[in-house]
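Examination of the molecular architecture
Okay, here's what each chain looks like letter by letter:
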Amino acid sequence: MTGFFLTILGVCALSLGMKRHFLQVFPALRFSRARQYTARFAGALLLIAAAFACVSDAGVGLGLTIYVAYLNLAAFGLALVLAWRASSLREF
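The text that follows walks through the structure, step by step, so that each part is easy to find. What you see is a predicted model; the values in this text were computed from it and never measured.

Side note on the overall build of the chain
- Per the secondary structure count, the chain includes four helices and zero strands.
- Ordered by position from N to C terminus, the α and β elements of the chain give α-α-α-α.
- Along the first, second and third principal axes, the C-alpha set of the chain runs to 45 × 30 × 15 Å.
- Burial analysis of the chain (92 residues in total) assigns 29% to the buried set.
- Here the contacts in the chain between residues at least 6 apart in sequence split such that 61% fall between residues at least 24 apart.
- When the accessible surface of the chain is totalled, it reaches about 6100 Å², and 71% of it is carbon and sulfur.

Written out as structure tokens, the structure is:
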């Protein structure tokens, strides 16, 4: 389960590294290169940590399969949220 939460956080951080999605969630803030690179770096680290968590829980073969499934679920869920309810993310 740790791998799933790390995957969700990683995908969210990677999406905030894009100007369009950053301004959808934080319209009052200015999008800068420092924020872009920080979000992308954090997203990459979180996804790597999620992969390690999945592999340590279930072994290499099944762990990577579970990680890819988590990655698909997280990306699909975030795409739905950003498409229809991006304003609800401002509350967090």
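Let's pick the thread back up.
Points about the environment of phenylalanine 31
- Structurally, the position occupied by phenylalanine 31 is in the loop between helix H2 (19-25) and helix H3 (33-58).
- Assessed through its relative accessible area of 17%, phenylalanine 31 is described here as buried.
- Counting along the chain gives 19 residues from phenylalanine 31 to cysteine 12, while the straight-line C-alpha distance between them is 16 Å.
- Ignoring sequence-local partners within four residues, the contact set of phenylalanine 31 consists of Leu16, Gly17, Met18, Lys19, Phe22 and Gln36.

Structural notes on the nonpolar core
- Among the nonpolar cores identified, the biggest contains 12 residues, and these are Leu6, Val11, Val25, Leu47, Ala50, Ala51, Ala53, Cys54, Tyr67, Ala74, Leu78 and Leu82.
- The element contributing the most residues to this core is H3, with five residues.

Concerning the side chain of histidine 21
- Mapped onto the secondary structure, histidine 21 falls in helix H2.
- In contact with histidine 21, not counting residues within four places along its chain, are Ser15, Leu16 and Leu82.

Focus on a nonpolar patch on the surface
- A surface patch of nonpolar side chains, about 460 Å² in accessible area, is lined by Phe41, Leu45, Ile48 and Phe52.
- Here phenylalanine 41 shows up in helix H3.

Thoughts on the side chain of serine 15
- Looking at the secondary structure, you find serine 15 in helix H1 (residues 2-16).
- What makes serine 15 buried here is its relative accessible area of 10%.

Reading the values: rules and limits
Residues numbered from 1 in each chain as written. Predicted model: local features only at pLDDT ≥ 70, side-chain atom pairs only at ≥ 80, totals over all residues. Heavy atoms only, no water. Helix = DSSP H or I, 4+ residues; strand = E, 2+ residues; numbered from the N terminus. Buried < 20%, exposed > 50% of the residue type's maximum accessible area, 1.4 Å probe, protein only. Contact = heavy atoms within 4.5 Å. Areas by Shrake-Rupley, 256 points an atom, 1.4 Å probe, with all protein chains shown as cover. Core = buried A, V, L, I, M, F, W, Y, C linked by side-chain atoms within 4.5 Å. Patch = residues over 30% accessible without salt bridge, like charges linked within 9 Å, V, L, I, M, F, W, Y side chains within 5 Å. Salt bridge = Lys/Arg side-chain N within 4 Å of Asp/Glu carboxyl O.

This is a description of form; function is not addressed.
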